[in-house]
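Survey of secondary and tertiary structure
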Amino acid sequence: MSLLIDTHNHLDYPDFDAARPGLLAECARLGVIRQVLIGVERSQWPQLWRVATDNAGLHAAPGLHPLYLQRHQEADIQALRTFCLERRSDSRLCALGEIGLDYFIETPDKTRQAWFFEQQVRLAIELDLPVLLHVRRAHADVVRILKRLKPPRAGIAHAFSGSYEEAREYLRLGFKIGLGGAPTWPQAKRLQRVLPQLPLEGVVLETDAPDMPPAMHPDVRNSPTHLPAICAALAPLWQVSAETLAATTTRNACAVFGWDADALA
């Protein structure tokens, strides 16, 4: 059985509460052995941590999402620092995320978004953690900030849907490209042309559950149990087997989070 890591989902959300035990059992059966649960705002971090620490194979990446900008306060940066320092010795704290810039929304406050993003990248550098990026229509500004701050642990460009040139910028900075359900849809022609140009060593897999369902599960809530189907759908883009893509992306994810790939079981 191929072992897989879901590098980005929101399994801590309350709408998973009733289904979570069965879902995690099914993940184990399918070989989805580790999952990274993603932070979006300060009030959510305690629930994020509870779910991650109450269940085997789950890890947490607290952060301040740019789409929740109106809920964030500048004091939340210090709160994030304190939250992480209190858990620094716990391996289930694996990254900061999801953080970044989002210019897709109507009239984005680019200055305030950039301040929160930069502060969190600086914090990740201080804590020696990778960052999980949320980027929409803002690749140039994100890359500019990353080039200036140079986070040594890099991280993952989550839900990537950009150009080859944009992907190459992240790869040059040491980041991996996060891929989930979006490229499985027939209409994602441009992305399907971009991905085979990327080295397998530069990609990781994710679901972003409950969002971004893959084409083979269009009418149901997205789930980490869909990761094997996503892997199988994307593997032909590189003309490799699903087993090869699973093994490579699992090693890549372990490299990002500092996990021992040989110790996975």
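What comes next concerns the included structure. (Residues numbered from 1 in each chain as written. Predicted model: local features only at pLDDT ≥ 70, side-chain atom pairs only at ≥ 80, totals over all residues. Heavy atoms only, no water.)

Moving on: the packing of helix α2 (residues 45-54) against helix α3 (residues 75-85). Across the interface, α2 lies against α3 with an axial gap of 12 Å and an inter-helix angle of 20°. Compared by their axis directions, α2 and α3 come out roughly parallel. Here α2 and α3 pass one another in a crossing that is right-handed. Each of W45, P46 and W49 in α2 lies in contact with α3, whose residues at this interface are D76, A79, L80 and F83. Of the residues in the contact of α2 with α3, the class split is six nonpolar, no polar and one charged. (Axes fitted to C-alpha atoms, helices over the stretch in contact; angles between N-to-C directions. Helix = DSSP H or I, 4+ residues; strand = E, 2+ residues; numbered from the N terminus. Parallel < 35°, antiparallel > 145°, perpendicular 65-115°, else oblique. Left-handed = near helix turned anticlockwise from the far one by under 90°. Contact = heavy atoms within 4.5 Å. Nonpolar A, V, L, I, M, F, W, Y, C, P; charged D, E, K, R; others polar.)

The next thing to look at is the sheet that holds strand β2 (residues 32-38). Across the sheet, three strands lie side by side as β1-β2-β3; this open sheet has parallel pairing. Where the open sheet ends on each side, the last strands, each with one partner, are β1 (4-9) and β3 (58-61). Put simply, the sheet's adjacent strands are angled 20° from each other on average, direction ignored. Pairing between β1 and β2: four bridges, direction parallel. Within the sheet, the bridge partner assigned to I5 lies in β2 and is R34. Where helix α1 (residues 20-30) meets the sheet, its contacts fall on β2 and β3, and the angle it forms with β2 comes to roughly 135°. In this fold helix α9 (residues 242-257) packs onto β1 and β2, with an angle of close to 55° to the strand it touches most, β1. (Pairing = 2+ DSSP bridges.)

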